[in-house]
Amino acid sequence: MAWFTALLQPATDGLPIRLGATRSLGAKVAASRVTGFDQPLVWVTVALLAWGLVMVYSASIAMPDNPRFAKYTPTYFLTRHVMWLAIASVAALLAFQVPLATWEKVAPWLFVVSLVLLIVVLIPQVGKVVYGARRWISFGPLSFQPSELAKFAVLLYAADYMVRKMEVKERFFRAVAPMGLAVAVVGLLLLAEPDMGAFMVIAVIAMGILFLGGVNARMFLLIAAVLLVAFALMIALSDWRRERIFAYLDPWSEKNALAKGYQLTHSLIAIGRGEIFGVGLGGSVEKLHWLPEAHTDFLLAVIGEEFGLVGVLCVIGLFLWLTRRMMHIGRQAIALDRVFAGLVAQGVAIWMGFQAFINMGVNLGALPTKGLTLPLMSYGGSAILVNLIAIAVVLRVDFENKQMMHGGRR
């Protein structure tokens, strides 16, 4: 009877909260216990991290047999990955404690810090060169990649920018042009490293937030067209980028199979060997010095070989769920008139979803080879660190949403 009485309670005792476009929820204003953070989102993130840890070990265990890595132990990359996971987990716990209002205040300053680091990494005595690219700054035994921080900083800055420019979002030169200039500056610094992959992710994050923030559709299409022309020119004016595109179109040719198409062909061989259920954990042959960067950019190929089509589909499904859940949290925040928080959550979803899409497309031969890791899974300390901080901020958005829906204060 008490349950039926609560169910039939008049609507005036509750606070109507719009969730999406189809339904609403009555949240009592009376004292209620806040349900806390989004536990399914946490567990999916933990599952991706744990699976990634196992696969990084599997993909790197034989690397000391290579003369280039003769000084490393079989557990070298596993140990460093665990260390970065521990650092990232602590950083994520601290980031969760920071209110979104504070993130909004520091967004411009964090953007400036990321620009400074992108400049510092280009200094020959500071920036560490790997495979001809100057992308890392060394801190003793650890290396940090400023482009990863730039993704998060641009995301926060774009969300804060759209909130400040909400009244003039229909005017191109007052609303869009300044943001476009900021992204262009970041892009020039990234191309100087060079790191075209990070620039693509940052451009998509900025465009996505502008679109979700309500920028006129015609202006959005104009921005998209300008970016497509810019990327086309970058490829046309760069011999090695052009060769990479040709290698992608015909990786099995005699010219490309042992040159620019080498990684792609061995990635496809690995996935082909896996068939439906894979050869079993640890049974990959391609990771035995055939497939370069098996523990970073081409980790999905090793997953495909050892776990087969089933494993690849599981990874795709986990990332689809993760992206959809973060988009839902963002929509919920916007429905509660928390525009900055909503755009941040949706921006993180765009970031994780797009980067995972590019990495998977490269591994499966659907997209040209591009140096982007698989978020949360591939080996890479600074990427894991910034990814977990970003997800912690999304969890904070959800936590504050629940506080408001239960009559609390944000």
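Please read all numbers here as calculations on a predicted model, not as lab measurements.

S.K.: Can you help me understand the sheet that holds strand E3 (residues 127-130) in this one?
M.R.: What links the strands of a sheet is backbone hydrogen bonding, and the strands pair in either a parallel or an antiparallel sense. Spatial ordering of the open sheet is given by E3-E4-E5, a layout of three strands whose pairing is antiparallel. Edge strands, defined here as strands with exactly one partner in the open sheet, are E3 and strand E5 (142-144). Adjacent strand axes in the sheet meet at a mean angle of 50°, parallel and antiparallel pairs treated alike. Across three bridges, strand E4 (residues 133-139) lies against E5 in antiparallel orientation. What sits directly across from Ser 138, in E5, is Ser 143.

S.K.: Just to check I follow, could you spell out the pairing of E4 for this structure?
M.R.: Successive residues of a regular strand alternate their side chains across the two faces of the sheet. The pairing of E3 with E4 spans four bridges and is antiparallel. Looking across to E4, one finds that Val 130 is bridged to Ala 133. The hairpin formed by E3 and E4 contains two residues between the paired strands, and Tyr 131 there has a positive phi angle of roughly 55°. Here E4 folds back onto E5 in antiparallel fashion, the turn holding two residues, of which Gly 140 has a positive phi close to 65°.

S.K.: How should I be thinking about helix H7 (residues 196-212) in this particular structure?
M.R.: An α-helical turn contains 3.6 residues, so a residue and the one three or four places further along point in the same direction. In this model, H7 (17 residues) spans 24 Å end to end at C-alpha, consistent with the 24 Å of a helix rising 1.5 Å per residue. For H7, the tally of buried residues reaches 13 of 17 residues, placing the bulk of the element in the interior. Backbone geometry just downstream of H7 places Gly 214 in the positive-phi region, at approximately 105°.

S.K.: Looking at this model, I keep getting lost on the nonpolar core. Mind explaining?
M.R.: Grouped together as the largest cluster of nonpolar side chains are 112 residues, with contacts concentrated most on Trp 103, Phe 152, Leu 156, Met 179, Val 315, Phe 319 and Met 377. Per-element tally for this core: the top contributor is helix H12 (residues 339-363), with 14 residues. With residues up to four places along the chain from it excluded, the contact list for Trp 103 reads Ala 95, Val 98, Phe 152, Leu 156, Phe 340, Ile 389 and Val 393.

S.K.: Would you explain the packing of aromatic side chains in this entry?
M.R.: Inspection of every chain in the model, using the stated rule, returns 12 aromatic pairs. On the basis of an interplanar angle of 85° and a centroid distance of 5.5 Å, the ring pair of Trp 51 and Phe 307 is categorised as edge-to-face. With a gap of 256 residues between them, Trp 51 in helix H2 (residues 39-60) and Phe 307 in helix H11 (residues 299-335) connect regions that are remote in the sequence. With relative accessibility at 26%, the residue Phe 307 sits in the partly exposed group. Plain terms: the ring middles of Phe 69 and Phe 77 are 6.2 Å apart, the flat faces sit at 70° to each other, and that makes the pair edge-to-face. On the accessibility criterion, Phe 77 (7% relative accessible area) is buried.

S.K.: I keep staring at the side chain of Asp 297 and nothing clicks. Help me out?
M.R.: Within the secondary structure, Asp 297 sits in the loop between helix H10 (262-274) and H11. Discounting chain neighbours no more than four positions away, the residues touching Asp 297 are Asn 359, Asn 363, Gly 371, Leu 372 and Thr 373.

S.K.: Honestly, a nonpolar patch on the surface in this entry has me stumped. Any pointers?
M.R.: Where nonpolar side chains cluster on the molecular surface, the patch consists of Ile 276, Phe 277, Leu 309, Val 310 and Leu 313 and spans about 490 Å² of accessible area. Checked against the element boundaries, Phe 277 lands in the loop between H10 and H11.

S.K.: Just checking my understanding: could you explain the confidence of the model for the protein for this structure?
M.R.: Segments scoring low in pLDDT should not have their predicted coordinates read at a detailed level. In this model, the protein carries a mean pLDDT of 85, and residues with pLDDT of at least 70 account for 89%. Counting contacts from residues 1-34, a segment whose pLDDT is below 50, to residues more than four positions away or on other chains yields 35 contacts.

S.K.: What am I meant to see in the pattern of salt bridges here?
M.R.: On inspection of all chains with the given rule, the structure shows eight salt bridges. Here Arg 325 makes a salt bridge to Asp 38, at a shortest N to O gap of 2.4 Å. You can see Arg 325 sitting in helix H11 and its partner Asp 38 sitting in the loop between strand E2 (23-28) and H2, a full 287 residues away along the chain. Accessibility expressed as a relative area gives 23% for Arg 325, which makes it partly exposed. On the basis of relative accessible area, Asp 38 is assigned to the buried category, the value being 3%. For Glu 305, the salt bridge identified is with Arg 273, shortest N-O distance 2.3 Å. Note that Glu 305 is positioned in helix H11 and Arg 273 in helix H10, a separation of 32 residues in sequence. Judged by its relative accessible area of 35%, Arg 273 falls in the partly exposed class. Shared partners join several salt bridges into a network, and the residues in it are Arg 338, Arg 396 and Glu 400.

S.K.: How should I be thinking about the environment of Pro 124 in this particular structure?
M.R.: Mapped onto the secondary structure, Pro 124 falls in the loop between helix H4 (100-120) and E3. Residues Pro 124 and Arg 134 lie 10 residues apart in sequence; the distance between their C-alpha atoms is 8.3 Å.

S.K.: Help me understand unusual backbone geometry in this model?
M.R.: Across residues other than glycine, the phi torsion is negative in most instances, and most of the peptide bonds are trans. For the peptide bond that leads from Glu 193 to Pro 194, omega is -5°, which places it in the cis range. Relative to the helices and strands, Pro 194 is located in the loop between helix H6 (172-191) and H7. Positive phi outside glycine occurs at Glu 275, with the angle close to 50°. Summarising the element assignment, Glu 275 is placed in the loop between H10 and H11. For Glu 275, a relative accessible area of 61% translates into the label exposed. In this structure, His 289 is a non-glycine residue whose phi angle is positive, near 70°. One can find His 289 in the loop between H10 and H11. Owing to a relative accessible area of 38%, His 289 belongs among the partly exposed residues under this scheme.

Thresholds applied
- Residues numbered from 1 in each chain as written.
- Predicted model: local features only at pLDDT ≥ 70, side-chain atom pairs only at ≥ 80, totals over all residues.
- Heavy atoms only, no water.
- Pairing = 2+ DSSP bridges.
- Helix = DSSP H or I, 4+ residues; strand = E, 2+ residues; numbered from the N terminus.
- Axes fitted to C-alpha atoms, helices over the stretch in contact; angles between N-to-C directions.
- Expected span 1.5 Å × (residues − 1).
- Buried < 20%, exposed > 50% of the residue type's maximum accessible area, 1.4 Å probe, protein only.
- Core = buried A, V, L, I, M, F, W, Y, C linked by side-chain atoms within 4.5 Å.
- Contact = heavy atoms within 4.5 Å.
- Phe/Tyr/Trp six-rings, centres within 6.5 Å; stacked < 30°, edge-to-face > 60°.
- Patch = residues over 30% accessible without salt bridge, like charges linked within 9 Å, V, L, I, M, F, W, Y side chains within 5 Å.
- Areas by Shrake-Rupley, 256 points an atom, 1.4 Å probe, with all protein chains shown as cover.
- Salt bridge = Lys/Arg side-chain N within 4 Å of Asp/Glu carboxyl O.
- pLDDT = per-residue confidence, 0-100.

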